[in-house]
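# Fold and contact review
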Amino acid sequence: MQFVVSGAGARRRMVGALLLGVSTCGLTGVLPAQAQQAGEGLAEARVARFDIPAQPLPRALAVFGQQAGLQVSVDAAAARGLDAPAISGALTAGQALGRLLARSGLAWRPGGARTVIVYDPAAPGTVDVGGGDATRLAPIVISSLSGYGYQGTPDWVYSDPASVSVVSREMIEQAPVRNTRDLLDTVAGVYVNRSEGQNPGIAVNIRGLQDQNRVVTMIDGARQNFQRSGHGASQRTYVDTAFVREVDVEKAATSGVGGAGALGGTVNFRTLEADDLIEAGRTWGVEASVGTGTNAFAFDGSVTAAARVSDRFSVIAGVSHKKVGSYDIGKNGTVKLMDDFTYVDETVIFTGQDVVTTFLKGEADLSDTLKFTLSWMRNRTESSQGSYSAGNGFDEDTEEITNNTIVANLAWNPESALVDLKASLWYNHLANDETRGYVLDPSVLFPVDYKMATVGGSLENTSRFDIAFGALSVNYGVEMFHDDGSTQADADYLASAYPIVGDSGADLSVGFSGANPNGRRTMVSGFANVTLEHDDWLTLSGGLRYDHSKLWGSTTIYGNAVRTQVPCDPGDTSFTCRRYGYTWANVHPGADVSVDRSDGALLPNAMVAVKPLDWLQAFARFSQSYRAPSVMEALIAGGHPPPALPVDNAPNPDLKPERGNTYEVGVNISRDGMFSQEDGFRMKAVAFYREIQDYISMGTVRRAEFNKEYSSYVNIDGTTRMSGVEIEAGYDAGLYYLGGAFTWLNTDFGNTYTYEGVSRPVEPSVIFVPPEFKVTLDAGVRLLEKRLTLGARMNHVGGTNPAIGSLASGYVTSDYTLFDLYGSLKFNDNAKLRFGVNNLTDVAYVPALGADSLPAPGRTISASFNVKF
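### Notes on the overall build of the protein
Helices and strands together make up the secondary structure of the protein, namely ten helices and 46 strands. Residue burial in the protein is summarised as follows: out of 869 residues, 58% are buried. For the protein, contacts bridging at least 24 residues in sequence account for 70% of all contacts bridging at least 6. In the structure as shown, the protein presents an accessible area of about 33,000 Å², 56% of it carried by carbon and sulfur atoms.

### Description of the sheet that holds strand β10 (residues 164-167)
Ordered by their spatial adjacency, five strands build an open sheet running β10-β15-β16-β13-β14, and the pairing between neighbours is mixed. Single-partner strands in this sheet number two, and they are β10 and β14 (222-223). Here strand β15 (residues 244-250) pairs with strand β16 (residues 266-271) via six bridges, running antiparallel. By the bridge assignment, V249 is partnered in β16 with V267.

### Here we look at the pairing of strand β42 (residues 773-783)
Here β42 shows a buried face lined by K774, T776, D778, G780 and R782 and an unburied face lined by F773, V775, L777, A779, V781 and L783. Relative to β42, strand β39 (residues 736-748) runs antiparallel, the two being bridged by nine bridges. From the neighbouring strand, F742 faces β42, where its bridge partner is V775. Where β42 lies against strand β43 (residues 788-797), ten bridges are found, and the strand directions are antiparallel. What sits directly across from V781, in β43, is L790. What sits between β42 and β43 in their antiparallel hairpin is a turn of four residues, with L784 showing a positive phi close to 50°.

### Considering the nonpolar core
By size, the foremost hydrophobic cluster in this structure holds 30 residues, and its most contacted members are V167, L184, V247, V267 and F269. When residues of this core are traced back to their parent elements, those giving at least two are α5 (169-172), β11 (190-192), β12 (204-206), β15 and β16. At three residues, β15 tops the list of elements feeding residues into this core. Leave out the neighbours within four places in its chain, and V267 touches V204, I206, V215, V216, T217, M218, V247, D248 and V249. The next biggest cluster of nonpolar side chains, apart from the first, holds 26 residues, and it includes V647, A650, I716 and Y753.

### Here's the deal with the environment of A528
As for its position among the elements, A528 is in strand β28 (residues 519-534). Note: C-alpha distance between A528 and G543 (15 residues apart in sequence) is 5.5 Å. Sequence-distant contacts of A528, that is, excluding residues within four places in its chain, are made with N475, Y476, G542, G543 and L544.

### Quick look at the pattern of salt bridges
Summed over all chains, the structure comprises 47 salt bridges. A salt bridge links E479 to R545; the shortest N-O distance between them is 2.8 Å. You can see E479 sitting in strand β27 (residues 470-489) and its partner R545 sitting in strand β29 (residues 538-558), a full 66 residues away along the chain. Residue E479 shares its accessibility class with R545, and that shared class is buried. The network of salt bridges with common partners includes R228, D397, E399, E434 and R436.

### A closer look at the confidence of the model for the protein
Confidence along the protein averages 85 in pLDDT terms, with 87% of residues attaining 70 or more. Segment residues 1-45: pLDDT under 50, and 135 contacts once partners within four positions in sequence are set aside and those in other chains are kept. Of the regions scoring below 50 in pLDDT, residues 127-146 engages in 69 contacts with residues more than four places distant in sequence or in other chains.

### Remarks on the state of the cysteines
For the structure shown, the criterion picks out one disulfide. Each sulfur in the disulfide pair C568 and C577 lies 1.9 Å from the other. A torsion of -100° about the S-S bond marks the disulfide between C568 and C577 as left-handed.

### Description of helix α4 (residues 93-100)
Taken residue by residue, α4 has A93, G94, A96, L97 and L100 as its buried positions. Along the long axis of α4, the arc covered by the buried residues comes to 160°, so they all point the same way.

### Structural notes on the packing of aromatic side chains
This structure, assessed with the given rule, holds twelve aromatic pairs. Centroid distance Y695 to F749: 5.4 Å. Interplanar angle 70°. Geometry classified as edge-to-face. Of this pair, Y695 sits in the loop between β35 (680-693) and β36 (696-703) while F749 is found in the loop between β39 and β40 (752-755), placing the two residues 54 residues apart along the sequence. We note that Y695, like F749, is buried. Among the aromatic residues, those joined into a ring-pair cluster are F350, Y388 and F394. The lysine or arginine in question, K708, covers the ring of Y710, its NZ or CZ lying 4.3 Å from the ring centre. A cation over an aromatic ring shows up here: K774 above the ring of Y191, its NZ or CZ 4.6 Å from the ring centre.

### Quick word on the environment of A203
Looking at where A203 falls in the secondary structure, it is placed in the loop between β11 and β12. Ignoring anything within four residues of it in the chain, the contact list for A203 reads Y191, V192, N193, A233 and Q235.

### Quick word on the side chain of K322
In this fold, K322 is placed in strand β19 (residues 313-324). A polar contact of 2.9 Å, which involves the side chain of K322, links it to the backbone oxygen of V177. Here K322 is in contact with V177, R178, N179, D240, T241, F299, D300, Q353, D354 and V355, once residues within four sequence places are set aside.

### Considerations on unusual backbone geometry
Of note, N213 is a non-glycine position whose phi angle comes to about 65°, a positive value. Within the secondary structure, N213 is located in the loop between β12 and β13 (216-219). Phi at D842 is positive, roughly 55°, even though this residue is not glycine. Mapped onto the secondary structure, D842 falls in the loop between β45 (831-838) and β46 (860-868).

Rules used throughout
Residues numbered from 1 in each chain as written. Predicted model: local features only at pLDDT ≥ 70, side-chain atom pairs only at ≥ 80, totals over all residues. Heavy atoms only, no water. Helix = DSSP H or I, 4+ residues; strand = E, 2+ residues; numbered from the N terminus. Buried < 20%, exposed > 50% of the residue type's maximum accessible area, 1.4 Å probe, protein only. Contact = heavy atoms within 4.5 Å. Areas by Shrake-Rupley, 256 points an atom, 1.4 Å probe, with all protein chains shown as cover. Pairing = 2+ DSSP bridges. Core = buried A, V, L, I, M, F, W, Y, C linked by side-chain atoms within 4.5 Å. Salt bridge = Lys/Arg side-chain N within 4 Å of Asp/Glu carboxyl O. pLDDT = per-residue confidence, 0-100. Disulfide = S-S within 2.5 Å. Arc of directions from axis to C-beta. Phe/Tyr/Trp six-rings, centres within 6.5 Å; stacked < 30°, edge-to-face > 60°. Lys NZ or Arg CZ within 6 Å of the ring centre and 35° of its normal. Polar contact = N/O pair within 3.5 Å; in protein donor to acceptor, adjacent residues only side chain to side chain.

Dropping the structure here:
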């Protein structure tokens, strides 16, 4: 975003105000008829969330312009020296602008499509607003038109000097999706791991990093830290699209709230607000949607309602249900199939899900400067995992996952440039209740419960100053979170169910809790960042954060079998028992292992952004990041689940944190009126280089308790390197639009680690290596006075051949190209039909970062009908 004061000799610029997709149409409905005619194009009033601190009026108008998506012209001399009050809350653009100007003596009127003129009605020569004429003004121009970006990306992304992408509500509502993770497939630099394709959890890979909270995933800022060890990705987030208003993706270290312990970026699923449903002039709104489709896409529906109970309190609530079954793969092309494993009668088994989500949020404006929100989202997912063999039939483990997220936010924006305070407190609890079946004996069923409870919060403030060199802002604060992970399985039941190994002396439940340990972790992080904005062309920022992590817990490890005398069971009539009263067994001795470790790091960041032209911004950034070992990494024990004995794994006491340096250069382009008054072009391009020391993977350690070698997490030798280029661009001319995204990614993971002075290859696991390139093209037209939208998308993804780890051969993927169609027909302001065809050409393929045992869905046709009241 930029604003230019011409004729006054002063120039300034502000970057990074949050744009919430407010239509420029929000001014209509509060103007006289003549003024509405002068503002042709501002045809529909909308309410949106504004958050503008108290500050000098010219800067406040700049922030307003960006958040509202408007061009603003103002008499620079009239605005000089005036201050604007803080405004925060759900307002139309007209209401927000009126509050900013309430004490200034200035007035405003529309000046054409997406343009607002702020003027002094008492100035000589000024004509009454109703006359449609006024004095020629020295303008402040805010070039920030909402929604022209790639797939509806809001404009603030293209004024933020950082590698940020947004999945907009427009994209989310485009057509029903089988799983929320599908929304991220077209984001540059981002992949979604589908190696655990039978599990509906979302595992995000950004620039080659994933799992163990390397990428922090959140719902409204509440961390989703649950992990579960398996044959693929371990980090899993459960959220449905019904109540997500946008997905914010940051691809490098985050210097403020949300960045604690994040090595490679963040993904934040932001939920709906009451004003997303309540139209201007009304006090309530209801939205209902119902959809279905082919290829086992059975049902996807939701009902959401919002009410403005008073001028200061609103509430929004909803319920959604999604039910999809096991899908058929495509029929064109060839993929490696495992017929006696996961593929039966052209169907990939156990790939369905049944999801019920409930959502509740209250929003209170406690005063003109104090806002409080409290939300709760509950996601309940039922699914299965397992395999099939001709001799034994289906081996099915049923999964019931309940994810509760509670978030409380407080924002205080008094009439002071020194205070812009935000506080947050949140709680997440995920319970994965599993009932396991054993293929050799279908009657053997037993429960295992995996749980992760995380509580956290943050407090931050931004103080702003006018100094001789420009506008200075200081953002500082603290955040913390605490994880409590546990896994429970009945050891006595397991011993009786597997008598062959039940007399080993080992606690068979450690086969589950060893790889998914019981443990606790607390992280506290403090940060301070300073930003200086000089004129309209230069922005400098730098800061420090300090992360401190403490982790503790205990587990049990087992040594090699020792032939040991054991008491005879009652009724044992064997010769040994009858003669000696005891028998012999191969018993594995056990030892309790306690882990209590603390880690910390001081992490600098710096950024410079230059704007040589009104529409062009270039930037360079440097950031350091750090990730301490997770509970899973620090406390690993056990082995493969029963009937295997839990004697293979043990903690590594010498495990070190991962540390990263990321260098980025990029450009933002934001041009309007290229070929017409209503078109716009947006582009963000970023090139990056990242190096990581002490990357953590699997290897071998020796424990002194039994002088035995175990599998464990180890630090890879040397430097892990990642580099790449990411581009997202969009052109929107109103009647048609074009967009695209490009990803080129090169990863160089180390493949050795040092053990007992000797370099060894990384063996017991797989390191997921994303494809080198991905290209998405998206285009569409708007017909019948923009009531009908028809679009098409192409997504081409390169193949990958990970060469690291003993499981690598199962994760090889080939190039594939997918074509999708989508569209919508708006019958009136309250009813819309959406439709889509995914995988139009019915290609058979294994998705990137997937497993060859789980090919992707074939052609799927879906449709949904949406009504608003």
